[in-house]
Amino acid sequence: MMVITRFPPSPTGFMHIGNARTALYNWLFARHHGGQFLVRIEDTDRARHSEDAVLAILNGLKWLNLEWDGEVVSQFERRDRHIAIARELVAKGHAYYCYCSADELEEMRRQAKEQGLPTFYDRRWRDRDPSDAPPDRKPVVRIKAPLTGESVVEDQVQGQVTVQNKTLDDFIILRSDETPTYMLSVVCDDHDMGVTHVLRGDDHLNNTFRQKIIYDAMGWDVPVFAHMPMILGADGSKLSKRHGAVNLEDFRARGYLPEAVENYLLRLGWSHGNDEIISREQATAWFSLENIVKSAAKFDYDKLESLNTHYMKQADDSRILALITPLLIARHAIDISADETAKTRLLAGMAELKGRAKTLLQLCDEGSFYAKKIPYSFDNKATEILRSDAIQVLDPVLHQIRDHGNVEKQAVEDICKRVAADSCDGKLGKVAMPVRAALTGTTVSPSIFDAAAILGFDEVIARLEYAIENFTEKSDRQNASAN
Ligand code: GLU
């Protein structure tokens, strides 16, 4: 038997990280077994439907590199089939038309609450002759749930789960306006798509008992179920926006690599011994339902960050360069797409940039100076340094570099040390700091000696002159206006 899994998100406009994990596990399980991973969009809520919301889901899957098999299925487009199944269930005596008015239902609800009953609908149309039907009222279709005994689901994660059938109501499968309910559509679709394994969040465990009634009534094979615990925030409540990023798009925007998110989600709810860094190949080879963790996992942003640091170091330099190119435009208004010098410098500095950064954003910010063009601006801290007496070291540094004739790493370091010995009691930082501020416009960057070597002789001279001119002029102007 071929294993077929599915990922059936409701298009809400974003991909929650919990849904991304569900998609990943279904993908891994299918690939592990050489089976298929299908995607179905549960787009039956037409009032709120938007194609952008569907795209957000598909883009999330593509970003995580979870390719699906076959066409994406639209649940809405299958509604005629769902309606036909509802009618068939009525014809077979497993479902029935219910003509209750809203007032009647309200009264039942009130009474059930008063008596503390597990379900409220009193099944008054279950065995009633349809000829009693009020002529002007459109009926809903309700399933005939078992009245006595218990139902059992052998869940692959939760173990054997039993419910008393008296807690199951005769739920609606087709509304009076002929729209099928989720409970009916999901079963029809899973059956028709040949789904063998349903791996989803444990918020759907209760639905499973209801869905099983439909499978049994139709005589269809019931898939294997595995319900995963939820993802929690650090405080133990369900992970939500107030804990931090929760949507895949947010993680992407914060500069995480998809393979880091994937590895993190894999370990968040599944384990393989003490392994933490797990490649896609290993995950595919090792993935099994038995090793899904039974207790809810807490989302740990620090751990994700450390995985991201790891994967950034592993990543190809040219790939990182491509990933930060749009970030340089968005965050620094620097377009390097046609700037070969900037690209060459960034690539030359990439190993060190990758070694320092936890996210692509940090890497982009700390590397942006390589792509700057004179005149560039200085951030507040750099401005503060260059407005102070510290700027005085730039002149001797400039002259000595000019005399030396090149900016090899060791040469620049030696020059800075000499200037420090001459005018800063040997404190190298007192020289390196203003040099960094001058060359980068910031106070955070990789080693300034490496950076100088990468920028090259002409650029270092030009940047030092630019900084000296910029700040000397300003202080002169200030002095002039103060006088
Ligand atoms: N559309 C449902 C959801 O997003 C899918 C439920 C299921 O997996 O059956 O929660």
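Residues numbered from 1 in each chain as written. Predicted model: local features only at pLDDT ≥ 70, side-chain atom pairs only at ≥ 80, totals over all residues. Heavy atoms only, no water.

Chemist: It is not clear to me how the overall build of the chain should be interpreted in this structure. Could you clarify?
Modeler: For the chain, the helix and strand inventory stands at 19 helices and 12 strands. Computed over its C-alpha atoms, the radius of gyration of the chain comes to 32 Å, more than 25% above the 23 Å expected for a compact globule of 483 residues. Within the chain, the proportion of its 483 residues that are buried is 50%. Counting every atom, the chain has about 23,000 Å² of accessible surface; 49% of that belongs to carbon and sulfur. (Helix = DSSP H or I, 4+ residues; strand = E, 2+ residues; numbered from the N terminus. Rg over C-alpha atoms; globule rule 2.2 N^0.38 Å. Buried < 20%, exposed > 50% of the residue type's maximum accessible area, 1.4 Å probe, protein only. Areas by Shrake-Rupley, 256 points an atom, 1.4 Å probe, with all protein chains shown as cover.)

Chemist: For this particular structure, what's the right way to read the sheet that holds strand E5 (residues 140-143)?
Modeler: Hydrogen bonds between backbone groups are what pair the strands of a sheet, and the pairing can be parallel or antiparallel. Spatial strand order, E4-E5-E8: 3 strands in an open sheet with antiparallel pairing. Every interior strand has two partners, whereas the edge strands, strand E4 (95-98) and strand E8 (172-174), have only one. Shown here is a sheet whose adjacent strand axes are inclined to one another by a mean of 45°, direction ignored. Examined bridge by bridge, E4 and E5 share 4 bridges and lie antiparallel to one another. Each bridged residue has a counterpart across the sheet, and for Cys-98 the counterpart in E5 is Val-140. (Pairing = 2+ DSSP bridges. Axes fitted to C-alpha atoms, helices over the stretch in contact; angles between N-to-C directions.)

Chemist: For this particular structure, what's the right way to read helix H8 (residues 258-267)?
Modeler: Side chains three or four residues apart in an α-helix point the same way, a direct result of the helix having 3.6 residues per turn. Summarising burial for H8: 9 of the 10 residues are buried, a large majority. Looking one or two residues past H8, Gly-269 carries a phi angle of roughly 125°, positive in sign.

Chemist: Whenever I open this one, the layout of surface pockets confuses me. Can you help?
Modeler: Rolled over the atoms, a probe as big as a water molecule pinpoints where empty space is left. In this structure, the largest pocket occupies an estimated 920 Å³ of space. Pro-9, Ser-10, Asn-19, Asp-203 and His-204 are, among the 38 residues lining the largest pocket, the residues nearest its centre. The set of elements that each furnish at least two residues to the lining of the largest pocket consists of strand E1 (4-7), helix H1 (17-32), helix H5 (182-192) and strand E9 (197-201). With 4 residues, H1 is the largest single contributor of residues to the lining of the largest pocket. Taken together, the residues that form the lining of the largest pocket break down as 15 nonpolar, 13 polar and 10 charged. (1 Å grid on protein atoms, 1.4 Å probe; cavity = no way out; pocket = protein on both sides within 12 Å on 5 of 7 lines; lining within 4 Å. Points joined across faces, edges and corners; volume = space filled by probe spheres on them. Nonpolar A, V, L, I, M, F, W, Y, C, P; charged D, E, K, R; others polar.)

Chemist: How should I be thinking about the packing of aromatic side chains in this particular structure?
Modeler: Here a ring pair, both rings aromatic, is described through the centre-centre distance and the interplanar angle of the planes. The final tally for this structure, using the stated rule, is 13 aromatic pairs. Between Tyr-25 and Phe-287, the ring centres sit 5.3 Å apart and the planes meet at 55°, which makes this aromatic pair tilted. You can see Tyr-25 sitting in helix H1 and its partner Phe-287 sitting in the loop between helix H9 (280-286) and strand E12 (297-298), a full 262 residues away along the chain. The interplanar angle of 15° and the centroid separation of 6.3 Å between the aromatic rings of Phe-251 and Tyr-301 together place this pair among those described as stacked. One end of the pair, Phe-251, is in helix H7 (residues 248-253); the other, Tyr-301, is in helix H10 (residues 301-314), with 50 residues separating them in the sequence. Among the residues examined, Phe-251 registers a relative accessible area of 1% and is labelled buried. Among the aromatic residues, ring-to-ring pairing joins Phe-251, Tyr-256, Tyr-264, Phe-299 and Tyr-301 into one connected group. The ring of Phe-120 has Arg-109 lying over it, and the distance from NZ or CZ to the ring centre is 4.5 Å. Cation over ring: Arg-128 sits above Trp-125, and NZ or CZ is 4.0 Å from the ring centre. (Phe/Tyr/Trp six-rings, centres within 6.5 Å; stacked < 30°, edge-to-face > 60°. Lys NZ or Arg CZ within 6 Å of the ring centre and 35° of its normal.)

Chemist: Sorry if this is basic, but what is going on with the pairing of E1 here?
Modeler: On any regular strand, side chains alternate: one points to one face of the sheet, the next to the other face. With burial as the criterion, each face of E1 is covered, one bearing Ile-4 and Arg-6 and the other bearing Thr-5 and Phe-7. Since E1 and strand E2 (residues 36-41) lie parallel, the crossover through H1 that links them has a hand, and here it is right-handed. (Right-handed = clockwise from strand over helix to strand, strands pointing away.)

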